[in-house]
Amino acid sequence: MKIKIADYCIRCGICEDLYPDIFKRNYEEHCMDILVDEIPAELEERVKQAMADCAVAAIQAVK
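This text gives an overview of the structure that appears in the document.

## Quick look at the nonpolar core
Working step 1: Counting 17 residues, the largest nonpolar core has Ile-3, Ile-5, Ile-22, Phe-23, Ile-39, Ala-58 and Ile-59 as its most contacted members.
Working step 2: Contributing elements (two or more residues each) for this core: strand S1 (2–5) and helix H2 (44–53).
Working step 3: Those residues in contact with Ile-39, other than ones at most four positions away along the chain, are Met-1, Ile-3, Glu-44 and Val-47.

Below you can see the structure in the form of structure tokens.
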């Protein structure tokens, strides 16, 4: 599984607060970084929950 963060992300930081092992705020580029290129099976449920928790639905699965 791969994910991306859409351009309309408001960088509220909820993903980083709840899932710091997957997301990190990038202050230099004013965006959120995904720390894992390919989401391992053991983190898939957490990523799905992060997608549901996102305030603007900016975390998306890549097909």
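Back to the text.
## Topic: the environment of Asp-37
Working step 1: Position of Asp-37 among the secondary structure elements: in the loop between strand S3 (31–34) and H2.
Working step 2: Exposure remark for Asp-37: the relative accessible area of 60% places this residue in the exposed category.
Working step 3: The spacing of Asp-37 and Gly-13 is 24 residues in sequence and 19 Å in space, taken between C-alpha atoms.
Working step 4: Leave out the neighbours within four places in its chain, and Asp-37 touches Met-1 and Lys-2.

## Notes on unusual backbone geometry
Working step 1: Within the chain, His-30 stands out as a residue other than glycine whose phi angle is a positive 55°.
Working step 2: Note on placement: His-30 falls in the loop between strand S2 (23–26) and S3.
Working step 3: On the accessibility criterion, His-30 (57% relative accessible area) is exposed.
Working step 4: Positive phi, normally seen in glycine, also occurs at Ala-57, with a value near 55°.
Working step 5: With respect to the secondary-structure elements, Ala-57 resides in the loop between H2 and strand S4 (59–62).

About the criteria used
- Residues numbered from 1 in each chain as written.
- Predicted model: local features only at pLDDT ≥ 70, side-chain atom pairs only at ≥ 80, totals over all residues.
- Heavy atoms only, no water.
- Core = buried A, V, L, I, M, F, W, Y, C linked by side-chain atoms within 4.5 Å.
- Buried < 20%, exposed > 50% of the residue type's maximum accessible area, 1.4 Å probe, protein only.
- Helix = DSSP H or I, 4+ residues; strand = E, 2+ residues; numbered from the N terminus.
- Contact = heavy atoms within 4.5 Å.

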